[in-house]
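Next come the chains, spelled out residue by residue.
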Amino acid sequence: MINMTKETVIEKAAKAIKKGEVVALPTETVYGLGANAYDKEAVSKIFAAKGRPADNPLIVHVDSLIMAGMLGVLNKDAQNLAQNFWPGPLTLVVPSKGLVPDIVTAGLKTIALRMPDNDIALSLISAAQVPIAAPSANKSGSPSPTSAAHVLLDFGDKFMVLDGGECAIGIESTVIELSKGTPVILRPGAVTQNMIESCIGDVLCTNAFAPNTQQAPAAPGMKYRHYAPLAQVTVVEGEPSSAIEAIKYLFDKDTKKGDKPLIMASRENKRFYGRRDILVTGSLENPAEAAKNLYSLLRMADEMFYSHIYFEAVAKVGIGFAVMNRVYKAAAYNIVKV
Ligand code: TXA
Ligand code: MG
């Protein structure tokens, strides 16, 4: 891509999308693996490359409320949310108008729509003049990619990758179901329940901190095993000084056994762990840092073959709520409460 201006790179990517190819694109949440949402062959390449089950539908990315309105029926709540949070990390699940092939929605009568807050993504959709269906650009089983390098690690040079640097948010969008009765948050994200409720009133949130045992989860993606690092992750939560003591105790026990433990903790508490191996998640004051760093820290721990990760819990407020939802999943709900 040397010697190409931003415009021409986007034009080249838009041409690829129109030809039915797959292009990896940055968004403000995580990188996506995109294809023309109207083109069933193109979308099938995404499922094949990711190893994604056919019953897990994709999010369709749009560049405007108008494009969204062509694809789905946006009721008053949906329109309100779009007006307040788009472009941004909020995905609206609404009744589909049936314009995208079944492969995109996994045959559901609903469609997931999102307008990403990223100039490259928006320019690509506009230049391609079609909505872009895109899941996160990781192989099923790896953490979502938050840099172009992560995409390359999973897929090599199989696809054109638009490099937009590090994702500003770092965890996937909030998904809210608006097609039946009271709206339900299916996946928490940077747009929090409070933010949503201040806009459209009460909404429900499916249990964000327990394994999904329902027969048919509302978001099909929820039933699959999520990213599980090579290391066994243990979340330690409770009063800070007790949590730190517990983490040190567990770490030292593993070390004595000859295992290779790692601590993930806040910048403020780092000094309490002495010379033990540690990666800083972010500041206690700002859970957005932990969101931005989480997936790349988990990838790093895997690359260095740690056997155990002790994760100092982040407060479940603001985006911290979504961070802990992802961490609980990575830990397979292995939580130590002190
Ligand atoms: O931030 C994001 O949302 C990123 C970027 C690339 O936009 N995308 C992303 O896509 O995380 P993916 O495929 O990894 O997750 C999409 C989630 C899945 O849990 C899927 O089951 C759910 O959205 N979903 C998609 N369509 C749905 C529908 N019609 N009804 C219910 N859930 C749906
Ligand atoms: Mg994903």
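Everything here concerns the structure above.
Residues numbered from 1 in each chain as written. Chains lettered and ligands numbered in written order. Predicted model: local features only at pLDDT ≥ 70, side-chain atom pairs only at ≥ 80, totals over all residues. Heavy atoms only, no water.

1. A word on the sheet that holds strand S11 (residues 232-237)
- The strand order across the open sheet built from five strands is S13-S12-S14-S11-S15, with neighbouring strands paired in parallel fashion. The open sheet terminates on both sides in strands that have one partner only, identified here as strand S13 (278-282) and strand S15 (335-337). Taken over all neighbouring pairs, the strand axes of this sheet differ in orientation by 20° on average, direction set aside.
- Pairing analysis gives four bridges linking strand S12 (residues 261-266) to S13, with the strands arranged parallel. Looking at the pairing, Ser266 lines up with Gly282 of S13. (Pairing = 2+ DSSP bridges. Helix = DSSP H or I, 4+ residues; strand = E, 2+ residues; numbered from the N terminus. Axes fitted to C-alpha atoms, helices over the stretch in contact; angles between N-to-C directions.)

2. What about the pairing of strand S2 (residues 32-36)?
- Among the five residues of S2, five are classified as buried, and the element is accordingly described as predominantly covered.
- Here strand S1 (residues 23-25) runs beside S2; their pairing, made up of three bridges, is antiparallel. Among the inter-strand pairings, Leu25 is bridged to a residue of S2, identified as Gly32.
- With antiparallel pairing between neighbouring strands as the criterion, S1 and S2 make up a hairpin whose turn holds six residues.
- In terms of strand pairing, S2 meets strand S6 (residues 132-133) through two bridges, oriented antiparallel. Bridged to Asn36 within S6 is Ile132. (Buried < 20%, exposed > 50% of the residue type's maximum accessible area, 1.4 Å probe, protein only.)

3. Overview of the sheet that holds S6
- The sheet built from ten strands is open, its strands ordered S7-S1-S2-S6-S3-S5-S4-S8-S9-S10 with mixed pairing. Each end of this open sheet is capped by a strand with a single partner; those strands are strand S7 (160-161) and strand S10 (204-205).
- Running over the sheet, helix H6 (residues 119-128) touches S1, strand S3 (59-61) and S6 and is turned about 140° from S1. (Contact = heavy atoms within 4.5 Å.)

4. Brief notes about helix H9 (residues 240-257)
- For H9, with 18 residues, the first-to-last C-alpha span of 26 Å sits near the 26 Å given by 1.5 Å per residue.
- Along H9, the residues that are buried comprise Ala243, Ile244, Ala246, Ile247, Lys248, Leu250, Phe251 and Asp254.
- If you follow the buried residues of H9, they end up packed against S11, S12 and strand S14 (308-312).
- Within two residues after H9, Gly258 carries a phi angle of roughly 90°, on the positive side. (Expected span 1.5 Å × (residues − 1).)

5. Focus: the nonpolar core
- Ranked by internal contacts, the top residues of the largest apolar core, which has 65 residues, are Leu92 and Leu113.
- Sequence-distant contacts of Leu92, that is, excluding residues within four places in its chain, are made with Ala78, Leu81, Ala82, Trp86, Ile111, Ala112, Leu113, Ile176 and Leu178. (Core = buried A, V, L, I, M, F, W, Y, C linked by side-chain atoms within 4.5 Å.)

6. Overview of the packing of helix H7 (residues 148-155) against helix H10 (residues 287-303)
- Close contact between H7 and H10 brings their axes to 12 Å; oriented N to C, the two are set at 45°. With respect to H10, the axis of H7 lies oblique. Judged by the sense of rotation from one axis to the other, the crossing of H7 with H10 is left-handed. From H7, His150, Leu153 and Asp154 reach across to H10, where they touch Ser296, Arg299 and Glu303. (Parallel < 35°, antiparallel > 145°, perpendicular 65-115°, else oblique. Left-handed = near helix turned anticlockwise from the far one by under 90°.)

7. Remarks on the pattern of salt bridges
- In this structure the tally under the stated criterion is eleven salt bridges.
- The salt bridge involving Arg326 is made with Glu172; its shortest N-O contact spans 2.8 Å. On the criterion of sequence distance, the pair formed by Arg326 in helix H11 (residues 320-330) and Glu172 in the loop between S7 and strand S8 (174-177) is long-range, its members being 154 residues apart.
- A relative accessible area of 8% means that Arg326 is categorised as buried.
- Two residues, Asp252 and Arg276, come together in a salt bridge whose shortest N-O distance is 2.9 Å. On the criterion of sequence distance, the pair formed by Asp252 in helix H9 and Arg276 in the loop between S12 and S13 is long-range, its members being 24 residues apart.
- Ionic contacts of the salt-bridge type, sharing partners, join the residues Glu237, Lys316 and Lys337 into one network. (Salt bridge = Lys/Arg side-chain N within 4 Å of Asp/Glu carboxyl O.)

8. Considerations on H7
- Taken residue by residue, H7 has Ala148, His150, Val151, Asp154 and Phe155 as its buried positions. The buried residues of H7 occupy an angular sector of 155° when projected down its axis, which confines them to one face.
- Buried-residue contacts for H7 involve S1, S2, helix H2 (40-50), S7 and H10.
- Looking one or two residues past H7, Gly156 carries a phi angle of roughly 60°, positive in sign. (Arc of directions from axis to C-beta.)

9. With respect to the packing of aromatic side chains
- Summed over all chains, the structure comprises four aromatic pairs.
- When the ring of Phe209 is compared with that of Phe321, the centres are 4.9 Å apart and the planes differ by 80°; the resulting orientation is edge-to-face. One end of the pair, Phe209, is in the loop between S10 and S11; the other, Phe321, is in helix H11, with 112 residues separating them in the sequence.
- The partly exposed category is assigned to Phe321, whose relative accessible area is 26%.
- Note on Tyr328 and Tyr333: the rings are 6.4 Å apart at their centroids and 90° apart in plane angle, and the pair reads as edge-to-face.
- Here a set of aromatic residues connected by ring pairs shows up, and it is made of Phe209, Phe321, Tyr328 and Tyr333.
- When the ring centre of Tyr306 is taken as origin, the NZ or CZ atom of Lys260, which lies over that ring, is 4.5 Å away.
- Between the NZ or CZ atom of Lys316 and the centre of the ring of Phe209, over which it lies, the distance is 4.7 Å. (Phe/Tyr/Trp six-rings, centres within 6.5 Å; stacked < 30°, edge-to-face > 60°. Lys NZ or Arg CZ within 6 Å of the ring centre and 35° of its normal.)

Any functional reading would require information that these geometric values do not contain.
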